[in-house]
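Summary of the model geometry
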Amino acid sequence: MISTIAKGLLIPFLGTTLGSACVFFMKNKMSIRLQKSLSGFAAGVMVAASVWSLLIPSMSQAEELGMGKLAFIPAVVGFCLGMLFLLLLDILTPHMHINETVEGPKSKLKKSTMMVLAVTLHNIPEGMAVGILYAGWYTGSVQISASAALALAIGIAIQNFPEGAIISMPLHSKGLSKTKACIFGTLTGIVEPLAGILTIILAQFIIPVLPYLLSFAAGAMIYVVVEELVPEMAAEEENVHSNLGTIMFMIGFSIMMMLDVALG
């Protein structure tokens, strides 16, 4: 069981690593069209994962715990807390997005460092999401299967592949060598298994709040989608319309939904 959890937690990290390695095989600068496509795809995966893998199980588990018609409460409370938590991190952490918009307190950090921090913030809720599903399966206290946790891990890994490319390629275009850009891109994903491990450790001692933790992770992921990914895919740049990002959102959402139903 421990081996299964370890492999599951490392799957998303593998996706980030492989995506970061794209810097060795692609052009120095990512095209706006490709950037919008990847952002749309990642957003679709994260929305589907939040609904099917986190919010719906949260309400189902709350119902099993005897909350009846009030089973929506953990989902609502956790969801809002998750969004507010990411909002707080966004406010307190200096970071820079791909379009070079700087947020957070003033800092003397390099642009490349702030860009890495931005992606690292995104990866925290993803690691939590995978960790909480494996925690539910490990404790056996809730109806979560290893297949459901694996489905989410695979979905996050698929989403992390383009995200790894989105961070490593701009880093290279800003002057870092391809090797350093790949390493920095890979390091942004290391927070996922770490967050997953921490969540599993905590969840074993706070079983009754697992529904809240599931929806908390969902809220944090949706924050990333609304605050970062959707604006990136929808902004009109260099005469590139948002239609392509919208189509990729549809594809990402569909793939994650199919994974969850087929493996869950």
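Structure: above.
Residues numbered from 1 in each chain as written. Predicted model: local features only at pLDDT ≥ 70, side-chain atom pairs only at ≥ 80, totals over all residues. Heavy atoms only, no water.

What follows concerns the side chain of Glu126. On the secondary structure map, Glu126 appears in helix α4 (residues 111-139). No salt bridge is formed by the buried Glu126. Its closest oppositely charged neighbour is Lys36, at 19 Å. Among all residues touching Glu126, those that are not within four sequence positions of it are Met46, Ile156, Gln159, Asn160, Glu163, Glu192 and Met221. (Helix = DSSP H or I, 4+ residues; strand = E, 2+ residues; numbered from the N terminus. Buried < 20%, exposed > 50% of the residue type's maximum accessible area, 1.4 Å probe, protein only. Lys, Arg positive; Asp, Glu negative; His and termini not counted. Salt bridge = Lys/Arg side-chain N within 4 Å of Asp/Glu carboxyl O. Contact = heavy atoms within 4.5 Å.)

Let us look at a nonpolar patch on the surface. A contiguous nonpolar patch, built from Val77, Leu81, Leu84, Leu87, Leu88, Ile91, Leu92, Val209 and Tyr212 and spanning about 770 Å² of accessible area, is present on the exposed surface. One can find Val77 in helix α3 (residues 72-92). (Patch = residues over 30% accessible without salt bridge, like charges linked within 9 Å, V, L, I, M, F, W, Y side chains within 5 Å. Areas by Shrake-Rupley, 256 points an atom, 1.4 Å probe, with all protein chains shown as cover.)

On to the packing of aromatic side chains. The tally for this structure, following the rule as stated, stands at 4 aromatic pairs. Pairing Phe85 with Phe216 gives two aromatic rings, centres 5.5 Å apart and planes at 45°, and the pair type is tilted. Of this pair, Phe85 sits in helix α3 while Phe216 sits in helix α8 (residues 210-234); the two residues are 131 residues apart in sequence, bridging distant segments of the chain. Residue Phe216 is classed as buried on the basis of its relative accessible area of 17%. Where Phe249 meets Phe253, the ring centres are 6.3 Å apart and the plane angle is 20°; that geometry is what we call stacked. Of the two residues, Phe249 and Phe253 are both situated in helix α9 (residues 243-263); the distance of 4 residues between them amounts to about one turn of the helix. Every member of this aromatic cluster is reached through a ring pair, and the members are Trp52, Phe249 and Phe253. (Phe/Tyr/Trp six-rings, centres within 6.5 Å; stacked < 30°, edge-to-face > 60°.)

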